[in-house]
Amino acid sequence: RYLALDPKDPFVQYQMGEIWLDRGDLSRAEALFRRALDVDPSVFAAKNALGVIALQRGDLVTAERLIREALAAKPTLRLAHFNLALLAEAHGDVKTAEREYVEEIKQHPENYKSAFNLSRLYEQVGDREGQIDALKQSIVSNPRFAEGHLFLAKAYLDTESHLDEAARLAHKGIELAPRS
């Protein structure tokens, strides 16, 4: 049997756009996200995704406008605060990026990438405790996240503390890491 998809369904358009975005084809993804919004303007995730495309293209003004419009329409929109954090990082605004990552984690604790990116920010500003806490959160959110294990092991080694735990984490991270 074949799966029949309604090409006019805005959620199908959105999901297909996500596939093309993941593959790096921004033009195809953009066309699909715009089609989804043309059919149903309440597909706010498509507007947020258009903001991501603008961000990837370096159009920070358009990116911010689109992401904020999507977030204003749906304040709990998954990845919107994450994307605003990326935008803040592009502007070099560490405090805003931190605030947005924290909000994304608060609303969507399963977003391990927000916790991981937050750990990087804390490392940049020398907040080792914040870095370690954020890395722990990334592992709790996704126990199969190899980088979370490896970076937490490194953070422990850098502080010369929890050395047994660092060895366990490093081993686990290597075990989880993709093989080429």
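Conventions and cut-offs
- Residues numbered from 1 in each chain as written.
- Predicted model: local features only at pLDDT ≥ 70, side-chain atom pairs only at ≥ 80, totals over all residues.
- Heavy atoms only, no water.
- Helix = DSSP H or I, 4+ residues; strand = E, 2+ residues; numbered from the N terminus.
- Buried < 20%, exposed > 50% of the residue type's maximum accessible area, 1.4 Å probe, protein only.
- Contact = heavy atoms within 4.5 Å.
- Areas by Shrake-Rupley, 256 points an atom, 1.4 Å probe, with all protein chains shown as cover.
- Lys, Arg positive; Asp, Glu negative; His and termini not counted.
- Charge placed at Lys NZ, Arg CZ, Asp CG, Glu CD.
- Expected span 1.5 Å × (residues − 1).
- Polar contact = N/O pair within 3.5 Å; in protein donor to acceptor, adjacent residues only side chain to side chain.
- Axes fitted to C-alpha atoms, helices over the stretch in contact; angles between N-to-C directions.
- Parallel < 35°, antiparallel > 145°, perpendicular 65-115°, else oblique.
- Left-handed = near helix turned anticlockwise from the far one by under 90°.

*Asks:* What should I look at first to understand the overall build of the protein chain in this one?
*Replies:* Across its full length, the protein chain carries ten helices and zero strands. Mapped in sequence order, the helices and strands of the protein chain form the string α-α-α-α-α-α-α-α-α-α. With the C-alpha coordinates aligned to their principal axes, the bounding extent of the protein chain is approximately 55 × 45 × 25 Å. Here the protein chain holds 180 residues, and the buried ones make up 42% of them. In the protein chain, once contacts between residues fewer than 6 apart in sequence are set aside, the share between residues at least 24 apart is 43%. Accessible surface for the protein chain amounts to roughly 10500 Å². Of this, 54% is attributable to carbon and sulfur atoms. Mean positive and mean negative side-chain charge positions of the protein chain (24 and 28 charges, respectively) differ by 5 Å.

*Asks:* Looking at this structure, how should I read unusual backbone geometry?
*Replies:* Phi is mostly negative for residues that are not glycine, and the peptide bonds are mostly trans. The residue E160 is not glycine, and still its phi comes out positive at about 55°. Among the structural elements, E160 can be located in the loop between helix 9 (146–159) and helix 10 (163–176). If you check the backbone angles, H162 has positive phi at about 50° while not being a glycine. Note that H162 resides in the loop between helix 9 and helix 10.

*Asks:* Please clarify how helix 7 (residues 112–124) should be interpreted in this entry.
*Replies:* Since one α-helical turn is 3.6 residues long, residues separated by three or four positions face the same way. Look at helix 7: 19 Å from first C-alpha to last across 13 residues, which is about the 18 Å you get at 1.5 Å a residue. Buried-residue contacts for helix 7 involve helix 5 (80–90), helix 6 (94–107), helix 8 (128–141) and helix 9. In this structure N111 caps helix 7, since a side-chain oxygen of it lies 3.2 Å from the backbone nitrogen of K113. The positive-phi residue at the C-terminal boundary of helix 7 is G126, with phi of around 80°.

*Asks:* Explain the packing of helix 3 (residues 44–56) against helix 4 (residues 60–73) to me, please; I cannot follow it from the model alone.
*Replies:* Two quantities define a packed helix pair, namely the angle between the helix axes and the distance between the axes. Packing of helix 3 against helix 4 leaves a shortest axis separation of 7 Å and a crossing angle of 165°. By the angle between their axes, helix 3 is roughly antiparallel relative to helix 4. Classified by chirality, the crossing of helix 4 by helix 3 is left-handed. Between helix 3 and helix 4, the residues in contact are F44, K47, N48, L50, G51, A54 and L55 and L60, T62, A63, L66, I67, E69, A70 and A73, respectively.

On their own, these measurements won't tell you what the molecule is for.
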